[in-house]
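# Analysis of the macromolecular model
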Protein chains: 4
Amino acid sequence: MGSEEQGDSVVEQIRKNFSSDNVVPACPAVMSALAAANADAAPAYGGDAWTARLSAVVADIFDHPVTLFPVATGTAANALALATIAPPYGAILCDDSAHIVQSECGAPDFFTGGARLVGIPSQDGRMAPDALSYMLDRLPADDAHNPLPTALSLTQATEWGTVYTPARIAELAARARGRDMAVHMDGARLANAIVHLGCSPAEATWKAGIDVLSLGLTKNGAMAAELVVFFNPAHAGHVARRRKRAGHDWSKQRFLSAQILACFEDDLWLNNARHANAMAKRLAGGLFRYPGARLLYETEANEIFVVLPDRAVAHLRMAGFAFHDWHTPHGVDGTVIRLVTSYYTRIADVDALLETLSEI
Amino acid sequence: MGSEEQGDSVVEQIRKNFSSDNVVPACPAVMSALAAANADAAPAYGGDAWTARLSAVVADIFDHPVTLFPVATGTAANALALATIAPPYGAILCDDSAHIVQSECGAPDFFTGGARLVGIPSQDGRMAPDALSYMLDRLPADDAHNPLPTALSLTQATEWGTVYTPARIAELAARARGRDMAVHMDGARLANAIVHLGCSPAEATWKAGIDVLSLGLTKNGAMAAELVVFFNPAHAGHVARRRKRAGHDWSKQRFLSAQILACFEDDLWLNNARHANAMAKRLAGGLFRYPGARLLYETEANEIFVVLPDRAVAHLRMAGFAFHDWHTPHGVDGTVIRLVTSYYTRIADVDALLETLSEI
Amino acid sequence: MGSEEQGDSVVEQIRKNFSSDNVVPACPAVMSALAAANADAAPAYGGDAWTARLSAVVADIFDHPVTLFPVATGTAANALALATIAPPYGAILCDDSAHIVQSECGAPDFFTGGARLVGIPSQDGRMAPDALSYMLDRLPADDAHNPLPTALSLTQATEWGTVYTPARIAELAARARGRDMAVHMDGARLANAIVHLGCSPAEATWKAGIDVLSLGLTKNGAMAAELVVFFNPAHAGHVARRRKRAGHDWSKQRFLSAQILACFEDDLWLNNARHANAMAKRLAGGLFRYPGARLLYETEANEIFVVLPDRAVAHLRMAGFAFHDWHTPHGVDGTVIRLVTSYYTRIADVDALLETLSEI
Amino acid sequence: MGSEEQGDSVVEQIRKNFSSDNVVPACPAVMSALAAANADAAPAYGGDAWTARLSAVVADIFDHPVTLFPVATGTAANALALATIAPPYGAILCDDSAHIVQSECGAPDFFTGGARLVGIPSQDGRMAPDALSYMLDRLPADDAHNPLPTALSLTQATEWGTVYTPARIAELAARARGRDMAVHMDGARLANAIVHLGCSPAEATWKAGIDVLSLGLTKNGAMAAELVVFFNPAHAGHVARRRKRAGHDWSKQRFLSAQILACFEDDLWLNNARHANAMAKRLAGGLFRYPGARLLYETEANEIFVVLPDRAVAHLRMAGFAFHDWHTPHGVDGTVIRLVTSYYTRIADVDALLETLSEI
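Within an unreviewed UniProt entry, the label attached to chain A reads L-threonine aldolase, and the organism entered is Gluconacetobacter sacchari DSM 12717. Word for word, the UniProt comment on chain A under Sequence similarities (unreviewed entry) is "Belongs to the threonine aldolase family." Per UniProt, the comment on chain A under Subunit (unreviewed entry) is "Homotetramer."

Take a look at the structure:
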């Protein structure tokens, strides 16, 4: 809590928490928006003025008509999105590092009524088109012994901090389309991918074949706000009822919508991501020069996975830096750690970590 | 939005929205708590200092050890709570006016994997013990043709604005216990019931036989915050995983916990409810004296259901008052409307409505 | 078991079991068909010659193209059928006496992933069109607080042994169609209804608006065989996968199909039902003349619900007759029992029961 | 159908169908038992004399008290069994070749309400204890981001025709028990494993740590009959209701129980399996001597997976032999086929296949 650190002067206080982009506070703009939305009574369940503006704003950003459902968590966004494109007897194909299969405790399984998540191995979190085709061949449409592949889910930026090119997404989406599958994007860190690519939100999504998008804002500066965005209205049909029965229909929905509007105002979501990416690049650059470190993947977004000597890891922790150990494969010498930057990370914070590392 | 009304002086502006207690803003104390919780980074997924304090605070209020799960909506709280005490082959018995059966689009059906909600008719939202026993006799444990009654869910205050006595709850709970059922309370408006009864939170809940409680705060002044409270730890076992897979595990959970702590600080939740109830009493008293009005139920909490002549309803709406029409049974002359008061309702607001009514 | 009764001569042995039409043996024709199907190896999972013939035979009987799925139980047939027309957020409207809501332990709830069964009260098991409309008005399409009515399920013959006219079914189906609902028929005793009505199978089903039919044969002389019949191919899409994942796809499916073919051969199913109905009429006629008896419903199929004095019930049981007590409402003097006839009931059996009754 | 082959004399007619053990007819003893059970009326839903005998018979065979549920398919048996030991938020660990994950279209996912099947790779269908431990370490109990491992499912004989030793099963079960997991055996071909091992049914199951068993008989000579066997009564609690709502509670249950009793009479199930295994050994021996063939796994039960040159495969098919192609991995020269023997396979059938192969 902030009060514990009141002894430090603000200038000197180094932010040492690289655990995740979900440990940081909400942006000032988001907090102001919440306060403004709190001025008086407003209709419940999305009948409010903030929610009313949302569709037009998002349609403008994505240059495409959209149907939207604001929710509070990324898991809810993913699971609701997937439930619209995967029936209970369906299979959802995804990279085997995907959050939906590794970190949501079966949320898609639950929301779909028991669809099967099929993880496809990859080198760096980016599914290879041939790996997708290979798996699709193993799941023929006319054999009832296996779930029917109806959904492809791609994570952008990936769980390993890499970014798909729109061309690669388009290729994967085309192969899925060849089997009448719909394509979902888990965009928990879509903003980070967009600024890395330097493309438009449209190019990153529906122009590359995405039908439904989970657009994450919580990691990007919101308090708790994500969007399910349908580019294909055929899939959006009964999401209002699915959301209600999942307990994700806020009575005071304006407080979700206001957060989201604040994130989109003046490209805040992209600016926040740009800053987070730059901090990650700076950090990765420093680690690259550190003799004992080995970066596992390209740093294209705001996550770094790096192998460090055990004593380096211990030293960083002793110095107060927070981060997560990651699964270290057999035979790797040292420990894999994950370092995550955010809109809240400053140059001084990165440099402090690198400096601490260099002390060993 | 507040800005539209800047022309009125604050003193003169009458709050005319009696639609629901979920249309009103969050309390100032809640907003301050959110701002304070936003001061710096904090561990995710409930590892924060606010969540750490929560159990002790609630245990103190209820004078009993508790296991807690904060969520953002009442539907989530109810459905998560029920999923712990109703297996897929179970039956959940409740008053047939209950929110869980009438207004949650099948959330309990979803979270339990298809348990059956069995509505029991009542006069005023308060289940009669003999009606419960009658239904239990229809659902014998040894006949697999029917779901097994495993859960009793009671709504306090009821959907019709009435309040169970603890003795009545204890009697119902005892009958349920006779069939090895667990007892849930939908306490979306529990604070209103407690201040009406003048009893302690303990007397209103576990002392009367409640095993698991959905404790509502959103209608009481929070932005979006409810608590699932387990008094019986045997039921709380795997709620963390159920919550995660339902998408209700906030990464920045401190923003739920901080709201809740604010509501409990200095009895704010009870004071807010006391005010709401008082406004409802004042309103009901005025309606009682209005010749054309017929109050359908006793006004014991903050909801009033009243039959008004159609032209009275139209006149109120013309004057800017907002409220919901309710289902009007065959043969009733006039329209049933629901009027809801809250912490945000002022004496002047109530009197303005009554005065408007008297103009006809 | 038969061996216990070898002391009686076959001629004299009275069949005293009126418990249900599911206590009787399979027809000789069904047993012969099973033996014939057992002659040699045959392709698994419906690739066999018997299953290949089935569609043409049923299409001919119903004078309409059909998509078929043989299963072993009526509960499976109903639940699979309903899962195709009721999404998890859907409501299935039915008479509140319906087997799907009263006797299947939540099978439709399970197969649909938590759709809501909404029972509509009636006098005699036959839903009134206005009662349907009233309930539909309570479940508006544009209000996400309630499940969306997507399916109407009608039981023919009804659970009370009465029979809908095709005109009444058409009227109910039309009102459902007005809300874009699909119409299911639980035809566990459809043959009994058809012979009562003297209409064609087509007139009893798709010509009256039925989209999907559970066609029962187990109670009619099969060992364990029912059919899900889709008249509307739009609903049949992925039933093969739903059936597989429900464990209802027999590897040796020929043994289901052979039973069904035997039932349809030479109108056996209708002849069996005609006999069962005639036995019920004879029995009802005798009961009608018995002073202490009160028939609760018209006897139009093969089930009789009758109030008898307690000592009459006891006397029948003492004499070896088997039947079920039914729920006896408050205020009724005596006991409600159910008597069911079947293809296996003989005139002498009926007369023996009536004679025993007259002894009191 | 048999009639097509009436031109052949019975002596000369070679049975050429090696597709599966589910393409063959039911045993004569099973057919006789069905006929005997059909002699007269009998109580429905398991109240019959055959079902009454079943528990004692099975308890005697397994030398342990049991709770039993007869069903018609192996998928139903597996899914019902797993639903008792895997909650919706649970993980079921199994070999990644397991039928439950490869061939049941998500039945366990459906029956459990969305538990996760976690496939563990192996060389030959037999899970390695260390592979199990490795996966368990990846799924810690105290991390709600992943399903909780609650069930281990082992297939005996395995999908590749190999057989676990009881010692290996005991080791795996012990590691599962260390995490409070229950252990299921998919015994679709348990009889084949038992006769291979020369152990007792008890040693093959509960003495090695199995809690619940799916015991297959359909592939072993029944028409359609499998058993869910609970050795641990704690798991059997509400299976009657789960079975009912899954549509697997036969009204005329005696026709399941009678098949099963026939299979157990005079060790028919084991004798049938012994014959099937012997035929497989003979076939494997012949293939081993065939220059172009490569057996992929040891032949310990009644399934053979063999790589044959493409023209050998074509030649066998031309000669009328039936079998399934299996997935042929990249880089394998030829085609993988599966050959399955059964109680119905004769020495002459095996020799005819081998002779045909030698003609090339």
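## Some details on the relation of the copies chain D and chain C
When chain D is fitted to chain C, the best match, at an RMSD of 0.0 Å, comes from turning it 180° and sliding it 0.0 Å along the axis. One copy is carried onto the other by what is essentially a two-fold rotation axis. Minimal C-alpha separation from the rotation axis in chain D is found for A246 of chain D, amounting to 3.5 Å. Both copies present the same face, since 100% of the interface residues in chain D are matched by interface residues at the equivalent positions in chain C.

## Description of the environment of A107 of chain D
All names here are of chain D. Inspection of the secondary structure puts A107 in helix α5 (residues 107–112). Look at A107 and you get buried, because its relative accessible area is 0%. A sequence separation of 21 residues divides A107 from A86, and the C-alpha atoms of the two residues are 13 Å apart.

## Here we look at empty space enclosed by the protein
It is the rolling of a water-molecule-sized probe over the atoms that shows where space remains empty. This model, assessed by the stated rule, comprises eleven cavities of 30 Å³ or more. Here the largest cavity is characterised by a volume of approximately 460 Å³. Taken together, 36 residues line the largest cavity, and the ones lying closest to its centre are G113 of chain B, F110 and G113 of chain C together with F110 and G113 of chain D. Of the residues assigned to the lining of the largest cavity, the class counts are 17 nonpolar, ten polar and nine charged. The calculated volume of the second largest cavity comes to roughly 300 Å³. If you trace the second largest cavity, you find 28 residues lining it, with Y45 of chain A together with G74, T75, H99 and K219 of chain B closest to the centre. The element that contributes the greatest number of residues to the lining of the second largest cavity is helix α3 (residues 74–85) of chain B, accounting for three residues. Counted by class, the lining of the second largest cavity contains seven nonpolar, twelve polar and nine charged residues.

## Observations regarding the interface of chain D and chain C
Listed as interface residues are 52 residues of chain D and, on the opposing side, 52 residues of chain C. If you look at where chain D meets chain C, you find zero salt bridges. Across the contact surface, chain D and chain C share 27 residue pairs in polar contact (both at pLDDT 80 or more). When contributions to the side of chain D that touches chain C are tallied by element, the ones reaching two or more residues are α1 (28–37), α2 (49–62), α3 (74–85), α5, α10 (239–245) and α11 (254–264) of chain D.

## Details of the packing of helix α8 (residues 190–197) of chain B against helix α12 (residues 268–289) of chain B
Residue and element names in this part refer to chain B. Where α8 contacts α12, the axes come no closer than 8 Å and their chain directions differ by 75°. By the angle between their axes, α8 is roughly perpendicular relative to α12. Counted together, A191, N192, I194, V195 and H196 of α8 and W269, L270, A273, R274, A276 and N277 of α12 form the full contact between these two elements. A breakdown of the residues in the contact of α8 with α12 according to their chemical character gives seven nonpolar, three polar and one charged.

## Digging into the UniProt feature "domain: Aromatic amino acid beta-eliminating lyase/threonine aldolase" (unreviewed entry) in chain A
Within this numbering scheme, the UniProt entry marks residues 18–306 of chain A as carrying the feature "domain: Aromatic amino acid beta-eliminating lyase/threonine aldolase" (unreviewed entry). With 42% helix and 16% strand, the stretch residues 18–306 of chain A has end C-alpha atoms that lie 13 Å from each other.

## Considerations on the pairing of strand β6 (residues 212–216) of chain A
Taken residue by residue, a regular strand's side chains alternate between the two faces of the sheet. Residue and element names in this part refer to chain A. Taking burial as the measure, the five residues of β6 include five buried ones, the bulk of the element. Because side chains alternate across β6, one face comprises the buried residues V212, S214 and G216, and the other comprises L213 and L215, equally buried. By the bridge criterion, four bridges tie strand β5 (residues 182–187) to β6 in an arrangement that is parallel. The residue bridging M185 from the neighbouring strand is L213, located in β6.

## Observations regarding the interface of chain B and chain D
The figure often quoted for interface size is the accessible area lost as the parts come together. Contacts between the two partners involve 19 residues from chain B and, on the opposite side, 19 residues from chain D. Roughly 1,700 Å² of surface becomes buried between chain B and chain D when both sides are summed, with 57% attributable to carbon and sulfur atoms. For the chain B face of the interface with chain D, the top three residues by lost area are Y89, R241 and R245 of chain B, together amounting to 43%. The interface formed by chain B and chain D holds zero salt bridges in total. Taken together, chain B and chain D are joined by 16 residue pairs in polar contact (both at pLDDT 80 or more). Among the elements that take part in the side of chain B that touches chain D, helix α10 (residues 239–245) of chain B stands out by supplying five residues, more than any other. Here the side of chain B that touches chain D is composed, by residue class, of nine nonpolar, five polar and five charged.

## Describing the domain arrangement of chain A
All names here are of chain A. Along its sequence, chain A is organised into domain 1 (3–21 + 269–358) and domain 2 (28–266). Look at where the C-alpha atoms of domain 1 and domain 2 centre, and you get two points 28 Å apart. Taken residue by residue, the interface counts 20 residues in domain 1 and 28 residues in domain 2. When the buried area of domain 1 at its contact with domain 2 is split by residue, W269, Y297 and E300 rank highest and sum to 41% of it. The interface formed by domain 1 and domain 2 includes four salt bridges. A salt bridge links R126 to E298; the nearest nitrogen and oxygen atoms lie 3.7 Å apart.

## Quick notes on the pairing of strand β7 (residues 226–230) of chain B
Residues and elements named next belong to chain B. With five of five residues buried, β7 lies mostly within the body of the structure. Pairing of strand β1 (residues 67–71) with β7 involves five bridges; the strand directions are antiparallel. Within β7, the position partnered with F69 by the bridge is V228. Both strand β6 (residues 212–216) and β7 contribute to a ladder of five bridges, which runs antiparallel. What sits directly across from S214, in β7, is V228.

## Overview of the relation of the copies chain B and chain D
If you rotate chain B by 180° and push it 0.0 Å along the axis, it lands on chain D with an RMSD of 0.0 Å. Same-surface contact between copies: 100% of interface residues of chain B are shared with the interface of chain D.

## Remarks on the sheet that holds strand β10 (residues 324–325) of chain D
Residues and elements named next belong to chain D. The strand order across the open sheet built from four strands is β8-β9-β11-β10, with neighbouring strands paired in antiparallel fashion. At either end of the open sheet lies a strand with only one pairing partner, and these are β8 (294–295) and β10. Pairing between β10 and strand β11 (residues 335–340): two bridges, direction antiparallel. Residue pairing across strands places D325 opposite I337, the latter belonging to β11. This element, helix α12 (residues 268–289), spans β8, β9 (303–308) and β11 of the sheet and lies at about 15° to β9. On the sheet, helix α13 (residues 310–318) packs against β9, β10 and β11 and is oriented at approximately 125° with respect to β9.

Rules used in this analysis
Residues numbered from 1 in each chain as written. Chains lettered and ligands numbered in written order. Predicted model: local features only at pLDDT ≥ 70, side-chain atom pairs only at ≥ 80, totals over all residues. Heavy atoms only, no water. UniProt positions renumbered as here; feature names shortened; annotations may be inferred. Least-squares fit on C-alpha atoms with pLDDT ≥ 70 in both. Contact = heavy atoms within 4.5 Å. Helix = DSSP H or I, 4+ residues; strand = E, 2+ residues; numbered from the N terminus. Buried < 20%, exposed > 50% of the residue type's maximum accessible area, 1.4 Å probe, protein only. 1 Å grid on protein atoms, 1.4 Å probe; cavity = no way out; pocket = protein on both sides within 12 Å on 5 of 7 lines; lining within 4 Å. Points joined across faces, edges and corners; volume = space filled by probe spheres on them. Nonpolar A, V, L, I, M, F, W, Y, C, P; charged D, E, K, R; others polar. Salt bridge = Lys/Arg side-chain N within 4 Å of Asp/Glu carboxyl O. Polar contact = N/O pair within 3.5 Å; in protein donor to acceptor, adjacent residues only side chain to side chain. Axes fitted to C-alpha atoms, helices over the stretch in contact; angles between N-to-C directions. Parallel < 35°, antiparallel > 145°, perpendicular 65-115°, else oblique. Pairing = 2+ DSSP bridges. Buried area = accessible area lost by both parts, 1.4 Å probe. Domains from an automatic or database assignment.

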